[in-house]
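Results of the structural survey
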Amino acid sequence: AEKLEPSTSNTEISEKDPIVENYNLALHFWSEYIYRTEGLKRSAQQLRETGVGNNTPLKETGIGSNTPPSDPYLPEILLRQAWIYRQMGLPERAISTYYDVLTGATKQKINNLTRFSRIALVARSQIANSYWETAKDREDINEAIDLYTRLLPSDEESFVVGQELDKMEELDSSQLRLNLLRALFKSDEYARTEIRRKERKLEELKRSMVKQAQDSASTYLSRNLLEKEGKKIQGEIAAIEQDRTKNWTLLKKNAEQFIESYNETEPNLRYDGEIRYFQIVANEALGNALHVQRDMQVLLDNESIPPEFQQAWLATRIRVMIDVSNLLFSEAVKAEESASALSSKKSTIVLQGELQPKEAKGKEQSDSRHARSQNLEMAINGYKQALLYDQTYRSQIMLRQQIAWCHERLGQIEKAMNT
């Protein structure tokens, strides 16, 4: 099947595709082998339970007094079956079969422990890959993150585990960490989607409460239920936000570990830009503005890339500069909107004035304005750098538009008009 090209003449009836036919035949033959070997084992177990084999010599019964061990080929056969299920777009069945691999590996004789430990590690990594590649929601992506984290040796674990992972050809620890970083980065998209959905539900509850009459007993009970539901949703949003912070912290930590590994091995320049991008975004999400500025400068000023990688590195730089600049701009806009909303609430300002010294209040507002200005200035710098490299017509227009918006929010109206 691996040597065949996908069929274009039988797209309507996929069962007639030669690749699918070969996959199905392989599954059929392997399944038959499993059923036969497991059937023999069950028959021996039934004979032993009835007492036939317990006191009878081995030569007369053909079996011993103990149940035969699981067939040593079963874990590897199941591993291949699960791989086929993934190729055929059946991730749920693949994951279930990978778990069968783990179960089968634990039932083997210990004299071949190394082989079955390797098979079990491959199965675990493939379960994580399956969750990551087919993730549909935050629960799926978090499951992949958890599985990748448990596969990679932590600081507390023995060095032997890490060595065993690195020696295995089937498992590349750097690839596992790269997949973990991608899953952690992707998880924020699912988290933000879920938060927006819950916030919309919260707004609907608030509108329902406003529409209700104020005086009736039934209204009081209904409002009470709505308030409880609202508090529940707010708690769920807070839990998601906490999970986001945890994942950003993990992303920062693993990105740093990936970069530090360059000191021990030859740098993998293919992923270097992507990893540094993850590091920058994580620091920005965690509020480490100085680290963001420093790491962006490293990306923009690094001239040590070999000629054969310069073109690929250039594309990575453009993506990093534009994405990070967009992120800085969005953070500044959100901070500005939050400050505007706060100033419009007179009661809140009065309460702050009562609870907070005037000099502290003035300092907080000054710090907030400084942070917004710093984000916008850094965004302008990133957009201008991207202008030098991305010469496409659409990008030139969009980047200048973003620069103009930054100038406008900084109060630099003449620069905004000129841009």
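Residues numbered from 1 in each chain as written. Predicted model: local features only at pLDDT ≥ 70, side-chain atom pairs only at ≥ 80, totals over all residues. Heavy atoms only, no water.

1. Here we look at the overall build of the chain
- Counting its regular elements, the chain contains 16 helices and zero strands.
- Classification of the 419 residues of the chain by burial places 34% in the buried group.
- The contacts of the chain with a sequence gap of at least 6 include a subset with a gap of at least 24, amounting to 64%.
- Working note: accessible area of the chain is about 26,400 Å², and carbon and sulfur atoms make up 52% of it. (Helix = DSSP H or I, 4+ residues; strand = E, 2+ residues; numbered from the N terminus. Buried < 20%, exposed > 50% of the residue type's maximum accessible area, 1.4 Å probe, protein only. Contact = heavy atoms within 4.5 Å. Areas by Shrake-Rupley, 256 points an atom, 1.4 Å probe, with all protein chains shown as cover.)

2. Comments concerning the packing of aromatic side chains
- A complete count under the given rule lists five aromatic pairs for this structure.
- Relative to phenylalanine 278, the ring of phenylalanine 185 has its centre 5.2 Å away and its plane inclined at 40 degrees; by these criteria the two rings are tilted. Here phenylalanine 185 is found in helix H8 (residues 173-211), whereas its partner phenylalanine 278 is found in helix H10 (residues 269-285), with 93 residues between them in sequence.
- A residue is classified by how much of its surface remains accessible, and phenylalanine 278, at 3% relative accessible area, is buried. (Phe/Tyr/Trp six-rings, centres within 6.5 Å; stacked < 30°, edge-to-face > 60°.)

3. Looking at the packing of helix H3 (residues 74-87) against helix H4 (residues 91-105)
- Packing of H3 against H4 leaves a shortest axis separation of 8 Å and a crossing angle of 170 degrees. Classified by the interaxial angle, the pair formed by H3 and H4 is roughly antiparallel. In this structure, H3 uses Pro75, Leu78, Leu79, Gln81, Ala82, Trp83, Tyr85 and Arg86 to contact H4, whose residues at the interface are Arg93, Ala94, Thr97, Tyr98, Asp100, Val101, Gly104 and Ala105.
- Class assignment of the residues belonging to the contact of H3 with H4 gives a composition of ten nonpolar, three polar and three charged. (Axes fitted to C-alpha atoms, helices over the stretch in contact; angles between N-to-C directions. Parallel < 35°, antiparallel > 145°, perpendicular 65-115°, else oblique. Nonpolar A, V, L, I, M, F, W, Y, C, P; charged D, E, K, R; others polar.)

4. Digging into the environment of leucine 4
- With respect to the helices and strands, the residue leucine 4 is situated in the segment before helix H1 (18-49).
- Leucine 4 gets classed as partly exposed once you look at its relative accessible area, which sits at 35%.
- When residues no more than four places from it in sequence are discounted, the contact partners of leucine 4 are Pro18, Ile19 and Asn22.

5. Some points on the nonpolar core
- If you look at the biggest cluster of nonpolar residues, it comprises 72 residues, and the most contacted ones within it are Ile275 and Val324.
- With nine residues, helix H5 (residues 113-133) is the single largest residue contributor to this core.
- Formed by nine residues, the second largest nonpolar core is a distinct cluster that contains Met209, Leu226, Ile237 and Ile240. (Core = buried A, V, L, I, M, F, W, Y, C linked by side-chain atoms within 4.5 Å.)

6. Things to note about helix H6 (residues 138-151)
- For H6, spanning 14 residues, the distance from its first C-alpha to its last is 20 Å, which sits close to the expected 20 Å at 1.5 Å a residue.
- Taken together, the buried positions of H6 are occupied by Arg138, Ile141, Ala144, Ile145, Leu147, Tyr148 and Leu151.
- Where H6 starts, the residue carrying a side-chain oxygen 3.2 Å from the main-chain nitrogen of glutamate 139 turns out to be aspartate 137. (Expected span 1.5 Å × (residues − 1). Polar contact = N/O pair within 3.5 Å; in protein donor to acceptor, adjacent residues only side chain to side chain.)

7. Details of a nonpolar patch on the surface
- The grouping of Tyr393, Ile397 and Met398 at the surface amounts to a nonpolar patch, some 340 Å² of accessible area in total.
- Here methionine 398 lies in helix H15 (residues 393-409).
- On the basis of relative accessibility, which here comes to 35%, the residue methionine 398 falls in the partly exposed class. (Patch = residues over 30% accessible without salt bridge, like charges linked within 9 Å, V, L, I, M, F, W, Y side chains within 5 Å. Salt bridge = Lys/Arg side-chain N within 4 Å of Asp/Glu carboxyl O.)

8. Looking at the pattern of salt bridges
- One pass over the structure, following the stated rule, counts 17 salt bridges.
- Its salt-bridge partner being aspartate 188, residue arginine 244 comes within 2.6 Å of it at the nearest N-O pair. Of the two residues, arginine 244 sits in helix H9 (residues 217-260) while aspartate 188 sits in helix H8, which places them 56 residues apart along the sequence.
- Arginine 244 gets classed as buried once you look at its relative accessible area, which sits at 18%.
- Residue classification places aspartate 188 among the buried positions, given a relative accessible area of 7%.
- Sharing partners across several salt bridges, the network here consists of Arg138, Glu194, Arg197, Asp243 and Lys246.

9. Remarks on the side chain of glutamate 284
- Note on placement: glutamate 284 falls in helix H10.
- Here glutamate 284 is buried and forms no salt bridge, its nearest opposite-charge partner lysine 334 lying at an N-O distance of 8.1 Å.
- When sequence neighbours within four positions are dropped, the list of residues in contact with glutamate 284 reads Val292, Leu327, Leu328, Glu331 and Asn375. (Lys, Arg positive; Asp, Glu negative; His and termini not counted.)

10. Here we look at the confidence of the model for the chain
- This prediction gives the chain a mean pLDDT of 76; 69% of its residues lie at or above 70.
- The weakest mean pLDDT in the chain belongs to helix H2 (residues 58-61) at 42; the strongest belongs to helix H16 (residues 413-418) at 95.
- Considering only residues more than four positions removed or in separate chains, one finds that residues 51-65, a stretch of pLDDT under 50, has 13 contacts.
- Here residues 346-357 is a poorly scored stretch, pLDDT under 50, and it has seven contacts once near neighbours within four places are set aside; other chains count. (pLDDT = per-residue confidence, 0-100.)

11. Brief notes about H3
- The terminal C-alpha atoms of H3 lie 20 Å apart, and with 14 residues this matches the ideal 20 Å at 1.5 Å per residue to within 8%.
- Most of H3 sits out of view: ten of its 14 residues are buried.
- Just past H3, the residue glycine 89 takes up positive phi, approximately 75 degrees.

12. Overview of the environment of serine 222
- The residue serine 222 is located in helix H9 in this model.
- Taking the C-alpha atoms as reference points, serine 222 and serine 208, 14 residues apart in sequence, are found 9.8 Å from one another.

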